[in-house]
Amino acid sequence: MIPFVWLAILIVALVIEANTIALVSLWFAFGALASLIAGLLGAEIWLQAVLFLGVSAVLLACLRPLVRKRLTPRITPTNVDSVVGTQGYVTADIDNVSAAGQVKLGAMYWTARSTSGEPITEGTLVRVDRIEGVKVFVSPAEIGATV
């Protein structure tokens, strides 16, 4: 009768794992599998329980960090990321309401929007706060700041 309990735990753990991507119950499925095999071979109930706990704990402690490291996506910074924090001049008035505005950052011209939502006039020195798609969000730079 006890092998059916391990089989049920195995199935439940696999169903939970199939519905998540967090590697929550995979380790317990392997522990239940080890206990199921031991139970089918005639092992005592205490040994099956120790196998379940032991295999689950060892796999959780040893393999989970390795598997998570392999499955976690790597974010590679791009050249666009280097634009954040740079300064440039407004070449066309920035007005978020009319969706207009342009800045020159180095040798490149970018579509620009005001971070605060306030209009910024042409010729103003600005600092890039963030990038969304192909637009830079800027705010006026401090007086005395250099480009």
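Look up: the structure comes first, before these words.
This text gives an overview of the structure that appears in the document. (Residues numbered from 1 in each chain as written. Predicted model: local features only at pLDDT ≥ 70, side-chain atom pairs only at ≥ 80, totals over all residues. Heavy atoms only, no water.)

1. Observations concerning unusual backbone geometry
Stage number 1. Phi at A99 is positive, roughly 55°, even though this residue is not glycine.
Stage number 2. Classification of A99 by relative accessible area gives partly exposed; the value is 48%. (Buried < 20%, exposed > 50% of the residue type's maximum accessible area, 1.4 Å probe, protein only.)

2. Quick notes on helix 2 (residues 26-40)
Stage number 1. Between its first and last C-alpha atoms helix 2 spans 21 Å; for 15 residues at 1.5 Å apiece the expected length is 21 Å, and the two agree.
Stage number 2. W27, A29, G31, A32, S35, L36, A38 and G39 are the residues of helix 2 that are buried.
Stage number 3. Considering only its buried residues, helix 2 is in contact with helix 1 (2-18) and helix 3 (45-71).
Stage number 4. Count one or two residues on from helix 2 and you reach G42, which has phi positive near 95°. (Helix = DSSP H or I, 4+ residues; strand = E, 2+ residues; numbered from the N terminus. Expected span 1.5 Å × (residues − 1). Contact = heavy atoms within 4.5 Å.)

3. As for the pairing of strand 5 (residues 135-140)
Stage number 1. Sheet analysis places strand 3 (residues 108-114) next to strand 5, joined by four bridges and oriented parallel. By the bridge assignment for strand 5, R113 is matched with F137.
Stage number 2. The pairing of strand 4 (residues 125-132) with strand 5 spans six bridges and is classified as antiparallel. When the sheet's bridge partners are listed, I131 is paired in strand 5 with V136.
Stage number 3. Between strand 4 and the antiparallel strand that follows it, strand 5, lie two residues; G133 among them carries a positive phi value of about 65°. (Pairing = 2+ DSSP bridges.)

4. So, the pairing of strand 2 (residues 100-105)
Stage number 1. A one-sided burial pattern is seen for strand 2, the buried positions being G101, V103 and L105 and the unburied ones A100, Q102 and K104.
Stage number 2. Alignment of strand 1 (residues 87-95) against strand 2, held across four bridges, turns out to be antiparallel. Bridged to D95 within strand 2 is A100.
Stage number 3. The hairpin formed by strand 1 and strand 2 contains four residues between the paired strands, and A99 there has a positive phi angle of roughly 55°.
Stage number 4. Note that strand 2 and strand 3 share four bridges and pair antiparallel. Bridge pairing links Q102 to T111 in strand 3.

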